[in-house]
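# Tertiary structure, described
Listed below are the residues making up each chain.
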Amino acid sequence: MPHNPYSRLFAIPGATAFTLGNLVARLPMGMFSVSAVIMISGARGSYALAGAVTATGLAATAVVAPWTARLVDRHGQARVAVPATLIAALGSLSLVLCVRYGAPDWTLFASYAATATTPNTGGMSRARWAHLLKGDAQAVHTANSFEQAADELCFMLGPVLAAFLCGALFPQAGTLIGVILLMTGVLVFAAQRSTEPPPQKHRALSGTPAPTKSLLRARGMPALLIGFLATGAVFGSLEVVTIAYADGQGHKSAAGVVLALQAAGSCAAGLVYGAVKPRGSLGRRHVLCAAAMAGVMPLPLLAVVSTGSLIVLAGALLCAGMTTAPTMVTAMTLVQRRTPEGRLNEGMTLAVTGILGGIACGAAGGGWAVEHLGAAEGYGVPVAAACCALLLSSAQACATSTRARPRRRRPAPPHVSNAA
């Protein structure tokens, strides 16, 4: 057995191939929204329209993504992911044509809403690891940490690549190259059939009935999803407030570099966390990670209030980012534990939907705080969101331990003889 836990993962036949395909498919996830904003605002001269179009796509994804994931679980990753990606690619190409030829505004909303069928490639990859590493908790922990680091890396590089392509080539370049990467990556990923988990349909044929109960009603799942909302609000508010603060300092172009440091810290922490053997119960680890995130999140606020330096803020965001990946890894592992067998893609997609919803709420809350309180004070929003995530994880851990604790039996009353 290799000493490096990540070497052990990729020693599995087919693991390297599906991981490379998934990374190529996942990179455009951070490109499409930035590319759409640049393309629409440049052609129509309205950031409000560009923001409304991307928000509509996010809302459509929140509705469609769990349904797509359920189809993936039921019929298999390859059979559903490829046609779903093709529909999403056609939606992106339709958006490019509508913007290019001056189509009515409503066509932009309809085109971008069609991209909501994009499958959750990160969730499908995690489902493959869970299938391949079934029964090995340490290896699953390492795989989840790697996937979280990959998420951070793609969302760090995606916006930078999109902005570069749209600026260096032409405004539609980011969307077009994103479509090519997405389609190519999904085709490579889907071609690795040997590592694909069996669909629910095959389980039903073998005598194991497929569960029909909604995952939203599964024990502990609602609290977990609300926790993902709170964690997503940390990401969304940090992004908006940091851009506004850098703009107020006259260095708006530096906001991307500052935010990239936060993602880099999270990526590095995720890889280190995956190489360490976890100790203690999973619920306790989740609470400790959330406590670390809540404890470090005030650093950006202190940096801007006490120094006002972007360099100090960048260091504070780097430290804050190092606590988000372990929190996400433990939360995703909890989702895997509480998701019924054969429905892991759906469970992972619900978690990602919660994160996306939290990002939208955090962005709205951070924008309101910047406008009404000031950019520096806006850093109080991610602090409040991190504290909410800590409270939710603590309450959930207490409820779980209470259910697991055996009830004490009352001693039987002494038998009284009738002879007296």
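Predicted model only: the values in this text are computed from it and were never measured.

### A short note on the overall build of the protein
The secondary structure content of the protein amounts to 17 helices and zero strands. Taken over 420 residues, the protein has a buried fraction of 48%. Restricting to contacts in the protein with at least 6 residues of sequence separation, those with at least 24 account for 83%. For the protein, the accessible surface area stands at approximately 19500 Å², while carbon and sulfur atoms represent 67% of it.

### Thoughts on empty space enclosed by the protein
Tallied over the full model, the rule gives two cavities of 30 Å³ or more. The space that makes up the largest cavity amounts to roughly 110 Å³. Lining of the largest cavity is provided by 14 residues; of these, Gly227, Phe228, Thr231, His286 and Ala331 occupy positions nearest its centre. For the lining of the largest cavity, the elements supplying multiple residues, two or more each, are α11 (221-248), α13 (282-296), α15 (310-338) and α17 (380-404).

### Description of the side chain of Thr118
Tracing the chain through its elements places Thr118 in the loop between α6 (105-114) and α7 (121-132). Of the polar contacts made by the side chain of Thr118, one reaches the backbone oxygen of Thr115; its length is 2.7 Å. Thr118 has contacts with Met29, Ala84, Ala88 and Leu182, leaving out every residue within four places of it along the chain.

### Some remarks on the pattern of salt bridges
Taken as a whole and assessed by the stated rule, the structure comprises two salt bridges. For the salt bridge of Glu147 with Arg26, the shortest nitrogen-to-oxygen distance reads 2.4 Å. In this pair, Glu147 is assigned in helix α8 (residues 137-168) and Arg26 in helix α2 (residues 15-26), connecting sequence segments 121 residues apart. Each member of the pair, Glu147 as well as Arg26, carries the same accessibility label: buried. In this structure, Glu196 and Arg193 form a salt bridge, with 3.0 Å as the shortest nitrogen-oxygen distance. Among the residues examined, Glu196 registers a relative accessible area of 13% and is labelled buried. Take Arg193: its relative accessible area is 52%, and that puts it in the exposed class.

### Section: the packing of α15 against helix α16 (residues 344-372)
Relative to each other, α15 and α16 sit at 140°, their axes nearing to 9 Å. Overall, the two elements α15 and α16 adopt an arrangement that is oblique. Between α15 and α16 lies a crossing of right-handed hand. Within the contact between the two elements, α15 uses Met328, Met332, Val335 and Gln336 and α16 uses Leu344, Gly347, Met348, Ala351, Val352 and Ile355.

### Notes on the environment of Leu344
Relative to the assigned elements, Leu344 resides in helix α16. Along the chain, Leu344 and His131 lie 213 residues apart, while their C-alpha atoms are 9.6 Å from each other. If we skip the residues at most four places from it in the chain, Leu344 touches Asp73, Arg126, Ala127, Ala130, Gln336 and Thr339.

### Considering the nonpolar core
Formed by 36 residues in total, the largest nonpolar core has its most connected members in Leu9, Ile40, Leu95, Leu108, Trp129 and Leu133. Among the elements that take part in this core, helix α5 (residues 77-100) stands out by supplying seven residues, more than any other. Not counting the four nearest positions on each side in its chain, Leu108 is found in contact with Ile40, Arg44, Leu49, Val53, Leu95, Cys98 and Val99. Ranked by size, the runner-up nonpolar core spans 25 residues in total, among them Leu238, Tyr245, Leu313 and Tyr379.

### Comments concerning the confidence of the model for the protein
With 88% of its residues at a pLDDT of 70 or more, the protein shows a mean pLDDT of 80. Looking across the protein, the model is least confident in helix α10 (residues 200-205), with a mean pLDDT of 54, and most confident in helix α9 (residues 173-191), with 91. Within the model, the stretch residues 204-210 combines pLDDT values under 50 with two contacts to residues more than four positions away or in other chains. This stretch, residues 416-420, has a pLDDT under 50; its non-local contacts, to residues over four places away or in other chains, come to zero contacts.

### A short note on helix α3 (residues 32-44)
The first and last C-alpha atoms of α3 sit 18 Å apart over 13 residues, in line with the 18 Å expected at 1.5 Å per residue. Turning to α3, its buried residues are Phe32, Ser35, Ala36, Met39, Ile40 and Ser41. Following α3 by one or two positions, Gly45 has its phi on the positive side, about 70°.

### Considering the packing of aromatic side chains
On inspection of all chains with the given rule, the structure shows five aromatic pairs. With centroids separated by 5.3 Å and ring planes inclined at 75°, the aromatic side chains of Phe10 and Phe146 adopt a geometry described as edge-to-face. Linking Phe10 in helix α1 (residues 5-10) with Phe146 in helix α8, this pair joins segments that are 136 residues apart in sequence. Taking the relative accessible area as the measure of exposure, Phe10 reaches 28% and is therefore partly exposed. Among the aromatic side chains, those forming a connected cluster through ring pairs are Phe10, Phe18, Trp129, Phe146 and Phe189. When the ring centre of Phe18 is taken as reference, the NZ or CZ atom of Arg128 above it lies at 5.6 Å.

### Some details on the environment of Leu71
Among the structural elements, Leu71 can be located in helix α4 (residues 47-75). Counting along the chain gives 274 residues from Leu71 to Asn345, while the straight-line C-alpha distance between them is 9.2 Å. Leave out the neighbours within four places in its chain, and Leu71 touches Gly76 and Val80.

Rules behind the numbers
- Residues numbered from 1 in each chain as written.
- Predicted model: local features only at pLDDT ≥ 70, side-chain atom pairs only at ≥ 80, totals over all residues.
- Heavy atoms only, no water.
- Helix = DSSP H or I, 4+ residues; strand = E, 2+ residues; numbered from the N terminus.
- Buried < 20%, exposed > 50% of the residue type's maximum accessible area, 1.4 Å probe, protein only.
- Contact = heavy atoms within 4.5 Å.
- Areas by Shrake-Rupley, 256 points an atom, 1.4 Å probe, with all protein chains shown as cover.
- 1 Å grid on protein atoms, 1.4 Å probe; cavity = no way out; pocket = protein on both sides within 12 Å on 5 of 7 lines; lining within 4 Å.
- Points joined across faces, edges and corners; volume = space filled by probe spheres on them.
- Polar contact = N/O pair within 3.5 Å; in protein donor to acceptor, adjacent residues only side chain to side chain.
- Salt bridge = Lys/Arg side-chain N within 4 Å of Asp/Glu carboxyl O.
- Axes fitted to C-alpha atoms, helices over the stretch in contact; angles between N-to-C directions.
- Parallel < 35°, antiparallel > 145°, perpendicular 65-115°, else oblique.
- Left-handed = near helix turned anticlockwise from the far one by under 90°.
- Core = buried A, V, L, I, M, F, W, Y, C linked by side-chain atoms within 4.5 Å.
- pLDDT = per-residue confidence, 0-100.
- Expected span 1.5 Å × (residues − 1).
- Phe/Tyr/Trp six-rings, centres within 6.5 Å; stacked < 30°, edge-to-face > 60°.
- Lys NZ or Arg CZ within 6 Å of the ring centre and 35° of its normal.

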